[in-house]
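So you can see what is in the structure, the chains are spelled out below.
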Amino acid sequence: MEVPSEPKPTHYLDFTCVTLEDLSPSTSSHTLPPVVTAFFAPANSGVPQLRFQQSESVGDVFCFGLCDSQLVNLGPLETLVVVEEAGNSDAKKNISFSKAFKLGFRTPEQRRAFDIEFEQWKHGVPHSQNGLSAGPMENGSIIYSTSKFDNKIEASSAKMYFHYYGQLLHQQNMLQDYVRTGTYYSAVIENCIDFQDRVVVDVGAGSGILSLFAAQAGAKHVYAVEASEMADYASRLVAGNPSLGDRITVIKGKVEEVELPEKADILISEPMGTLLVNERMLETYVIARERFLVPNGKMFPSLGRIHVAPFSDEYLFVEIANKALFWQQQNFYGVDLTPLYGSAFQGYFSQPVVDAFDPRLLVSPPSFHTLDFISIKEEELYEIDIPLSFTASVGTRVHGLACWFDVLFNGSSVQRWLTTAPGSPTTHWYQMRCVLSQPIYVMAGQEITGRLHMVAHSSQSYTIYLTMSAKMWGAGADQGGILQTSTGKLELKEPYYRLSQPLTYIPPQDQQLHQQFISTQDGNVTNISLQQPQNLGNLMNR
């Protein structure tokens, strides 16, 4: 992995002031410099390599090939590089082993740029396609290939995604969401001044319904871009409406790849998924803005907000906890299932709950986090960090965090919101709740703090890391510390779809199910508080 000293090429993107730490045991006496410049370049054999040089001089270059390497994200400023190597110290067979190196970066943007560059080089994206010139580039620049979508999204996930949206029954489900479809129609028609004689791009057009709305509002021309097989259906729908269709061109392809003959005055799209960001189509919407929209052009919608609030729902908590009781059977056809109970219990709590709930279950007024589609950068959607701060309005047991979203159509004539809030007419997005396996107790007036951290992954969704804490309450609170803290890790791509309508509201003081006895499948009566893993039992018995 050590190579002779040679000048660093000046025509490749480099990353300066990167800290380097070898985490693998090694018998080598070679000491790595703590601060290096990292860059990617091909070896003489053409194999892509990650190379390191001492920042203060040319020095010796430390490098390894990317083909058998992978990245593990350790945080906003740190990345772990794991290198698989082959050896033949065994006389009979080859032995493979791994080395690990931790890289530290100056800024989150530099780390993300490094991650993107790593994946492009590893998967053989020709360097000329990255748009690099023969001269030096600014450190930390983010370079994209012409197949950026393919570089960041797993092929299997993309295949299923486009297959799903290529079916008419799923398009019908969205069209029959009259809150969704009606709000889009009103936002467009009421703001026809924005569409009249304008060029429009429909991002992820689906059936083409939004393109037809734009044409009804007087658009000069609409380019409907759709990557799935639904593009063929959209073409047929447009052709079947000739009075509008002669101003609509359906283009089958990814927004990241297609070329349009002219810039757009306005973008329209329905890029929202569960909790606004699921499916990662917001990134495609932002890419369309950068590629197709004229300066100061309009976006429908132009802004989104993620709303959050703590909630109390004893029914829901017990329902989820009970799912794992199956794994408490000690004689399931002669097999003891209990070794898997703890994992099953945590697995059920890793699923966000998607349903419609009564807003009276909220323990405090909600707060919100804004995503401005006009100005946000695509990379800012890779990690979304939402600080939590609430004041409990009642004394109760907090079971987690309730979430929903809304988007704004900021038209010149009328501003219209599309909301998925509890208590509002239900949409196909419903609301979402992150349920903690360890509820926390609060008193009225007590402060609830925490963090909702969402990290995007290549399966077109997010991993959710939730932390909620209840601080000291009452006299001496300023000198006190945290009383309770509960955390959860949830997968946004794997929700638990629970109900289509909210249950009858039960006041928190009447939600006493955790004190009731529950019969298991074998007829034995057990108390739910005794069936939790040890850490939950400790919290419940405080």
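Each remark here, short or long, concerns the structure printed above.
Residues numbered from 1 in each chain as written. Predicted model: local features only at pLDDT ≥ 70, side-chain atom pairs only at ≥ 80, totals over all residues. Heavy atoms only, no water.

*Asks:* Residue-level account of the pattern of salt bridges, with values.
*Replies:* Scanning the model with the defined rule gives 22 salt bridges in all. Lys 152 is the salt-bridge partner of Glu 378, the closest N and O atoms lying 2.6 Å from each other. Taken together, the positions of Glu 378 in the loop between strand 16 (367–372) and strand 17 (383–391) and Lys 152 in helix 2 (residues 148–152) put the pair 226 residues apart, joining distant regions of the chain. Both residues of the pair, Glu 378 and Lys 152, count as buried. Overlapping salt bridges bring together Asp 313, Glu 319, Asp 355, Arg 433 and Arg 498 as one network. (Salt bridge = Lys/Arg side-chain N within 4 Å of Asp/Glu carboxyl O. Helix = DSSP H or I, 4+ residues; strand = E, 2+ residues; numbered from the N terminus. Buried < 20%, exposed > 50% of the residue type's maximum accessible area, 1.4 Å probe, protein only.)

*Asks:* Can you explain the packing of helix 5 (residues 178–189) against helix 7 (residues 209–216)? Please cite residues and give values.
*Replies:* Interaxial distance between helix 5 and helix 7 falls to 9 Å at its minimum, and their mutual angle equals 25°. In terms of orientation, helix 5 lies roughly parallel with respect to helix 7. Helix 5 and helix 7 meet at a crossing whose hand is right-handed. Across from Thr 181, Tyr 184, Tyr 185, Val 188 and Ile 189 in helix 5, the residues of helix 7 making contact are Leu 210, Phe 213, Ala 214 and Gln 216. Here the contact of helix 5 with helix 7 is composed, by residue class, of 7 nonpolar, 2 polar and no charged. (Axes fitted to C-alpha atoms, helices over the stretch in contact; angles between N-to-C directions. Parallel < 35°, antiparallel > 145°, perpendicular 65-115°, else oblique. Left-handed = near helix turned anticlockwise from the far one by under 90°. Contact = heavy atoms within 4.5 Å. Nonpolar A, V, L, I, M, F, W, Y, C, P; charged D, E, K, R; others polar.)

*Asks:* A description of helix 7 should follow, citing residues and the corresponding values.
*Replies:* Where burial is concerned, most of helix 7 is hidden: 7 out of the 8 residues are buried. For helix 7, the complete set of buried residues consists of Ile 209, Leu 210, Ser 211, Leu 212, Phe 213, Ala 214 and Ala 215. Gly 218, located one to two residues past helix 7, shows a positive phi value of around 100°.

*Asks:* Please give an account of unusual backbone geometry that cites residues and values.
*Replies:* With an omega of 5°, the peptide bond running from Phe 300 to Pro 301 counts as cis. For Pro 301, the position within the fold is in the loop between strand 13 (293–300) and strand 14 (303–311). In this model, Glu 279 sits at a positive phi of 80°, which is unusual for a non-glycine residue. Its location among the elements puts Glu 279 in the loop between strand 12 (264–269) and helix 10 (281–292). In the Ramachandran plot, Tyr 430 falls in the positive-phi region, its phi being about 55° despite a non-glycine side chain.

*Asks:* Could you give me a rundown of the packing of aromatic side chains, with the residues and numbers involved?
*Replies:* For the coordinates displayed, the defined rule picks out 24 aromatic pairs. When the ring of Phe 52 is compared with that of Phe 64, the centres are 6.3 Å apart and the planes differ by 50°; the resulting orientation is tilted. Of this pair, Phe 52 sits in strand 4 (residues 48–54) while Phe 64 sits in strand 5 (residues 61–65); the two residues are 12 residues apart in sequence, bridging distant segments of the chain. Between Tyr 184 and Phe 409, the aromatic rings sit 4.8 Å apart at their centres with planes inclined by 75°, giving edge-to-face as the arrangement. Note that Tyr 184 is positioned in helix 5 and Phe 409 in strand 18 (residues 396–410), a separation of 225 residues in sequence. A relative accessible area of 0% means that Phe 409 is categorised as buried. (Phe/Tyr/Trp six-rings, centres within 6.5 Å; stacked < 30°, edge-to-face > 60°.)

*Asks:* Explain the nonpolar core residue by residue, including any values.
*Replies:* One finds Val 277 and Met 454 to be the most contacted residues of the largest nonpolar core, which totals 89 residues. Residue contacts for Met 454: discarding those within four places in its chain leaves Leu 275, Val 277, Ile 306, Tyr 382, Glu 383, Ile 384, Ile 386, Tyr 462, Thr 463 and Ile 464. (Core = buried A, V, L, I, M, F, W, Y, C linked by side-chain atoms within 4.5 Å.)

*Asks:* Can you explain the sheet that holds strand 10 (residues 221–226)? Please cite residues and give values.
*Replies:* Here we have 5 strands laid out as an open sheet, ordered 11-10-9-12-13, and parallel in their pairing. The strands lining the two open edges of the sheet, one partner per strand, are strand 11 (248–252) and strand 13. Strand-to-strand twist of the sheet, defined as the mean angle between neighbouring strand axes without regard to direction, takes the value 25°. Here 5 bridges tie strand 9 (residues 199–203) to strand 10, and the two strands are oriented parallel to one another. Of the residues in strand 10, the one forming a bridge with Val 203 is Val 225. On the sheet, helix 10 packs against strand 9, strand 12 and strand 13 and is oriented at approximately 145° with respect to strand 13. (Pairing = 2+ DSSP bridges.)

*Asks:* Summarise the pairing of strand 14; cite the residues concerned and give the values.
*Replies:* For a regular strand, side chains alternate in direction, first toward one face of the sheet and then toward the other. Burial runs high along strand 14: 9 of the 9 residues are buried. Both faces of strand 14 are covered, namely the face carrying Leu 303, Arg 305, His 307, Ala 309 and Phe 311 and the face carrying Gly 304, Ile 306, Val 308 and Pro 310. Here strand 14 runs beside strand 16; their pairing, made up of 6 bridges, is antiparallel. Bridge pairing links His 307 to Phe 368 in strand 16. Pairing of strand 14 with strand 18 involves 9 bridges; the strand directions are antiparallel. Paired with Val 308 across the two strands is Cys 403, which belongs to strand 18.

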